[in-house]
Amino acid sequence: ALTFTKTFLKSSSGIYQPTYTLLNLAYNNGKPMEVQLNRQAFDMYFKTTPLLSADYDQMIKRAQDRNLSFTDEIGWTALMKYYNNYMVK
């Protein structure tokens, strides 16, 4: 399963900025991987392992069918929920 997390980190100017990570215990030695909220980051992440790559086309179709955005956390959250509920084998 994938865990999508939002945390706030304090920048050098003292402003808290959101940071997003994905955690997949079978990838990256079980360490969270920081992701940007954009299509390129989504594509890159879903091509990191053969298992994720096998589900990539169906995830893209889900995003298109549901008009989900790759540039906001609502879209990413919905896709991760879908992946965890229906795609995890």
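How each quantity is defined
- Residues numbered from 1 in each chain as written.
- Predicted model: local features only at pLDDT ≥ 70, side-chain atom pairs only at ≥ 80, totals over all residues.
- Heavy atoms only, no water.
- Pairing = 2+ DSSP bridges.
- Helix = DSSP H or I, 4+ residues; strand = E, 2+ residues; numbered from the N terminus.
- Axes fitted to C-alpha atoms, helices over the stretch in contact; angles between N-to-C directions.
- Buried < 20%, exposed > 50% of the residue type's maximum accessible area, 1.4 Å probe, protein only.
- Expected span 1.5 Å × (residues − 1).
- Arc of directions from axis to C-beta.
- Parallel < 35°, antiparallel > 145°, perpendicular 65-115°, else oblique.
- Left-handed = near helix turned anticlockwise from the far one by under 90°.
- Contact = heavy atoms within 4.5 Å.
- Phe/Tyr/Trp six-rings, centres within 6.5 Å; stacked < 30°, edge-to-face > 60°.
- Lys NZ or Arg CZ within 6 Å of the ring centre and 35° of its normal.

**Student:** It is not clear to me how the sheet that holds strand 3 (residues 33–35) should be interpreted in this structure. Could you clarify?
**Tutor:** Strand pairs in the sheet, formed through backbone hydrogen bonds, run parallel or antiparallel to each other. Pairing is antiparallel in the open sheet, where 3 strands are placed in the order 1-2-3. With partners counted over all chains shown, the strands left at the sheet margins are strand 1 (3–10) and strand 3, one partner each. Strand-to-strand twist of the sheet, defined as the mean angle between neighbouring strand axes without regard to direction, takes the value 40°. For strand 1 and strand 2 (residues 16–23), the ladder comprises 8 bridges, and the chain directions are antiparallel. Its bridge partner being in strand 2, K6 is matched across the sheet by Y20.

**Student:** How should I be thinking about unusual backbone geometry in this particular structure?
**Tutor:** The general pattern is negative phi for most residues beyond glycine and trans for most peptide bonds. A positive phi angle is found at N28, which is not glycine, with a value near 60°. Mapping N28 onto the fold places it in the loop between strand 2 and strand 3. Accessibility expressed as a relative area gives 34% for N28, which makes it partly exposed. Its identity as a non-glycine residue notwithstanding, N67 has a phi of 55°, on the positive side.

**Student:** Is there a simple way to think about helix 3 (residues 73–87) in this case?
**Tutor:** Two residues of an α-helix separated by three or four positions point the same way, owing to the 3.6 residues in each turn. For helix 3, spanning 15 residues, the distance from its first C-alpha to its last is 20 Å, which sits close to the expected 21 Å at 1.5 Å a residue. Those residues of helix 3 that sit buried are G75, W76, L79, M80, Y82, Y83 and M87. Looking straight down helix 3, one finds its buried side chains confined to an arc of 160°; they lie on one side. Turned more than 90 degrees from where helix 3 packs its buried face, I74, K81 and N85 sit exposed.

**Student:** Can you help me understand the packing of helix 2 (residues 50–65) against helix 3 in this one?
**Tutor:** In a packed pair of helices, the relevant descriptors are the angle between the two axes and the axis-to-axis distance. Here helix 2 crosses helix 3 at 120°, and the two axes come no closer than 11 Å. In terms of axis orientation, helix 2 runs oblique to helix 3. The way helix 2 lies across helix 3 gives a crossing that is right-handed. Each of L51, L52, D55, Q58, M59, R62 and A63 in helix 2 lies in contact with helix 3, whose residues at this interface are L79, Y82, Y83 and M87.

**Student:** I keep staring at the packing of aromatic side chains and nothing clicks. Help me out?
**Tutor:** The geometry of an aromatic ring pair is captured by the separation of the ring centres together with the interplanar angle, meaning the angle of the planes. Taken as a whole and assessed by the stated rule, the structure comprises 9 aromatic pairs. Geometrically, the ring pair formed by F4 and Y20 is stacked, given 5.7 Å between the ring centres and 10° between the ring planes. In this pair, F4 is assigned in strand 1 and Y20 in strand 2, connecting sequence segments 16 residues apart. For the pair shown, F4 and Y20 are each scored as buried. Ring-pair connections join several aromatic residues into one group, and the members of that group are F4, Y20, Y27, F42, Y45, F46, F70, W76 and Y83. In this arrangement the basic side chain of K47 is found over the ring face of Y56, its NZ or CZ atom lying 4.6 Å from the centre.

Treat this as a map of the structure, not an account of what it does.
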